[in-house]
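One letter stands for each residue in the lines below.
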Amino acid sequence: DANYDGIKSICDQVQLRDTGSLFIVDNNLNVVYQNNKLNRKDILNQINIENYDGDGDFTEMIDSQKYIVNIASIQNSELKVIAINSYLELNKDSIVIRNTTIILALLGTLFAVLFLLVFVQNFFKPLFAIIHSMKQVQHGELNVQVEVKNKDEIGYLARSFNKMIRRIKETLEKNTQLVKEVY
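Each value, and the rule that gives it
Residues numbered from 1 in each chain as written. Predicted model: local features only at pLDDT ≥ 70, side-chain atom pairs only at ≥ 80, totals over all residues. Heavy atoms only, no water. Phe/Tyr/Trp six-rings, centres within 6.5 Å; stacked < 30°, edge-to-face > 60°. Helix = DSSP H or I, 4+ residues; strand = E, 2+ residues; numbered from the N terminus. Buried < 20%, exposed > 50% of the residue type's maximum accessible area, 1.4 Å probe, protein only. Axes fitted to C-alpha atoms, helices over the stretch in contact; angles between N-to-C directions. Parallel < 35°, antiparallel > 145°, perpendicular 65-115°, else oblique. Left-handed = near helix turned anticlockwise from the far one by under 90°. Contact = heavy atoms within 4.5 Å.

Re the packing of aromatic side chains
Line of reasoning, step 1. Per the stated rule, a full pass over the model turns up three aromatic pairs.
Line of reasoning, step 2. Relative to Phe123, the ring of Phe119 has its centre 6.2 Å away and its plane inclined at 20°; by these criteria the two rings are stacked. Of this pair, Phe119 and Phe123 both sit in helix α4 (residues 92-138), four residues apart, roughly one helical turn.
Line of reasoning, step 3. Of the residues examined, Phe119 reaches a relative accessible area of 49% and is grouped as partly exposed.
Line of reasoning, step 4. Residue Phe123 is classed as partly exposed on the basis of its relative accessible area of 41%.
Line of reasoning, step 5. Joined through ring pairs, the aromatic side chains of Phe119, Phe123, Phe124 and Phe128 make up one cluster.

Quick look at the structure:
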């Protein structure tokens, strides 16, 4: 008793994805209305709707692709609405968001590691300069002075190192002078 144009105007408002289809069928699975973007005439035969009683949704593998099938009965009629959508198509936006999130997390981690490396390198640069100067003194060069830029513990260490080198140099000069005098 329903007006087909009324059913069509309501069903045409349903926005389907490229791999979705909407059917209205009677109890004998005769198609009353279809908006089939799957471009498959036999799609209803591949779903085996007879195996599923009542309303609800289920997944179905068609041509090795996963589809979600929703069935809803229209009250006071012998009609059923069957919506078929590709699982991948429905999840496409979620997959893009997931991949974007992973990329952003990796970029954030990379940025954090690079920032940490730069921070650590700048933090330990004066300490490495002191270590380099100590190695030069170890090889006998006493004309080494560490540039003091910081007023923290590392700056204190650099000032103490410079003071120690000056004292060693002065002591060696005094010892050399005393040796000359004794000689």
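Some details on the packing of α4 against helix α5 (residues 153-182)
Line of reasoning, step 1. One way to put it is that α4 packs onto α5 with a least axis distance of 10 Å and a crossing angle of 15°. Put simply, α4 runs roughly parallel to α5. Crossing handedness for the pair α4 and α5: left-handed. Contact residues: α4 offers Phe123, Pro126, Leu127, Ile130, Ser133, Met134 and Val137, while α5 offers Ile154, Leu157, Ala158, Phe161 and Ile165.

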